[in-house]
Amino acid sequence: MRKRYIALPLLALIPLAAACVLAQPDNRTAKGKPATVAEVDLTRYAGTWYEIARYPNSFEKNCINTTATYGLNDDGTVSVVNECTNSETGETKRAEGTARIVDGSNNSKLEVKFAPDWVPFAWGDYWILALEADYSAALVGSPDGKYLWILAREEAPKQAVIDRMLNAAREKGFATEPLVFRQ
């Protein structure tokens, strides 16, 4: 009998978790999935990227000066370390995760997970939608239009680079008005 009472509160959390996931707006009006870049050299992609712009999301609430650092793991996965400064407290927020390559994507489609290994359904899409030839900037997002980022190797890339990423986003059906730019 006791197990029943323990399980009920846990079951009550399922709708709450689903509501949080579904609350993220879809900012992509185009039908079908967006095209990704043809191929990504993960060795060149590894390293630190500065977040230039993003769609607002719950896990980056109050984040400024955000960086993402990627590294190659021996097992073929990619380590992910996201850091930002909380704009209200000044504290550094850090999230460590793992990315795995989607088969047949030439490294342009990954799935990222920041949850513990024992959580099976926590993988999120991380698609590289546009990439400068010199790997100085990238447009990354999810095919459902809920997430989008402009990343760059420099904190303040040239406006022409940002404009190319914005144009790529529009061409793939992503709205650019909701983007919040680096402060």
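Calculation criteria
Residues numbered from 1 in each chain as written. Predicted model: local features only at pLDDT ≥ 70, side-chain atom pairs only at ≥ 80, totals over all residues. Heavy atoms only, no water. Helix = DSSP H or I, 4+ residues; strand = E, 2+ residues; numbered from the N terminus. Buried < 20%, exposed > 50% of the residue type's maximum accessible area, 1.4 Å probe, protein only. Contact = heavy atoms within 4.5 Å. Areas by Shrake-Rupley, 256 points an atom, 1.4 Å probe, with all protein chains shown as cover. Phe/Tyr/Trp six-rings, centres within 6.5 Å; stacked < 30°, edge-to-face > 60°. Core = buried A, V, L, I, M, F, W, Y, C linked by side-chain atoms within 4.5 Å. pLDDT = per-residue confidence, 0-100. Disulfide = S-S within 2.5 Å. Salt bridge = Lys/Arg side-chain N within 4 Å of Asp/Glu carboxyl O.

Focus: the overall build of the protein
Logical step 1: Within the protein one finds three helices and nine strands.
Logical step 2: Each helix and strand of the protein, placed in order from N terminus to C terminus, yields the pattern α-α-β-β-β-β-β-β-β-β-α-β.
Logical step 3: Looking at the protein as a whole, 38% of its 183 residues are labelled buried.
Logical step 4: Taking the contacts inside the protein whose residues are at least 6 apart along the sequence as the reference set, 52% of them involve residues at least 24 apart.
Logical step 5: Accessible surface, the protein: about 10,900 Å² in total, of which carbon and sulfur atoms supply 56%.

Quick notes on the packing of aromatic side chains
Logical step 1: What the rule picks out here adds up to five aromatic pairs.
Logical step 2: Geometrically, the ring pair formed by tyrosine 45 and tyrosine 70 is tilted, given 5.5 Å between the ring centres and 40 degrees between the ring planes. Note that tyrosine 45 is positioned in helix 2 (residues 42-45) and tyrosine 70 in strand 2 (residues 63-72), a separation of 25 residues in sequence.
Logical step 3: Since its relative accessible area comes to 10%, tyrosine 70 is described here as buried.
Logical step 4: With 6.0 Å between their ring centres and 5 degrees between their planes, tyrosine 147 and tryptophan 149 make a pair best called stacked.
Logical step 5: Put simply, the rings of Tyr45, Trp49, Tyr70 and Tyr126 touch in pairs and so form one group of aromatic residues.

With respect to the nonpolar core
Buried together is how nonpolar side chains tend to be arranged in soluble globular proteins.
Logical step 1: Counting residues in hydrophobic clusters, the biggest one holds 20 residues, and the most contacted among them are Tyr45, Tyr70, Tyr126, Ile128 and Leu131.
Logical step 2: Residue assignment for this core shows that the elements contributing at least two residues are helix 2, strand 2, strand 3 (78-86), strand 5 (109-113), strand 6 (124-131), strand 7 (137-141) and strand 8 (148-152).
Logical step 3: No other element matches strand 6, which puts three residues into this core.
Logical step 4: When neighbours within four sequence positions are excluded, leucine 131 is seen to be in contact with Val37, Val40, Tyr45, Trp49, Ala137 and Ala138.

What about the confidence of the model for the protein?
Logical step 1: Across the protein, the average pLDDT comes to 88, with 87% of residues at 70 or higher.
Logical step 2: A low-confidence stretch, residues 1-22 stays under pLDDT 50, and its non-local contacts, those more than four residues away or across chains, total two contacts.

Section: unusual backbone geometry
Logical step 1: If you check the backbone angles, asparagine 65 has positive phi at about 55 degrees while not being a glycine.
Logical step 2: Secondary-structure assignment places asparagine 65 in strand 2.

Here's the deal with the state of the cysteines
Logical step 1: Applying the stated criterion across every chain yields a total of one disulfide.
Logical step 2: The disulfide bridge from cysteine 63 ends at cysteine 84, spanning 2.1 Å between sulfur atoms. Linking cysteine 63 in strand 2 with cysteine 84 in strand 3, this pair joins segments that are 21 residues apart in sequence.
Logical step 3: Residue classification places cysteine 63 among the buried positions, given a relative accessible area of 7%.

Quick look at the pattern of salt bridges
Logical step 1: As enumerated under the stated definition, the model contains seven salt bridges in all.
Logical step 2: Between glutamate 96 and arginine 94 there is a salt bridge, with the nearest N and O atoms lying 2.9 Å from each other. Comparing glutamate 96 with arginine 94 shows no difference in burial state: the two are exposed.
Logical step 3: Across the pair glutamate 132 and arginine 164 runs a salt bridge whose closest N-O atoms are separated by 2.8 Å. With glutamate 132 in the loop between strand 6 and strand 7 and arginine 164 in helix 3 (residues 159-171), this pair connects stretches of sequence that are 32 residues apart.
Logical step 4: Classification of arginine 164 by relative accessible area gives partly exposed; the value is 41%.
Logical step 5: Taken together, the shared-partner salt bridges in this structure form one network comprising Glu51, Arg54 and Glu60.

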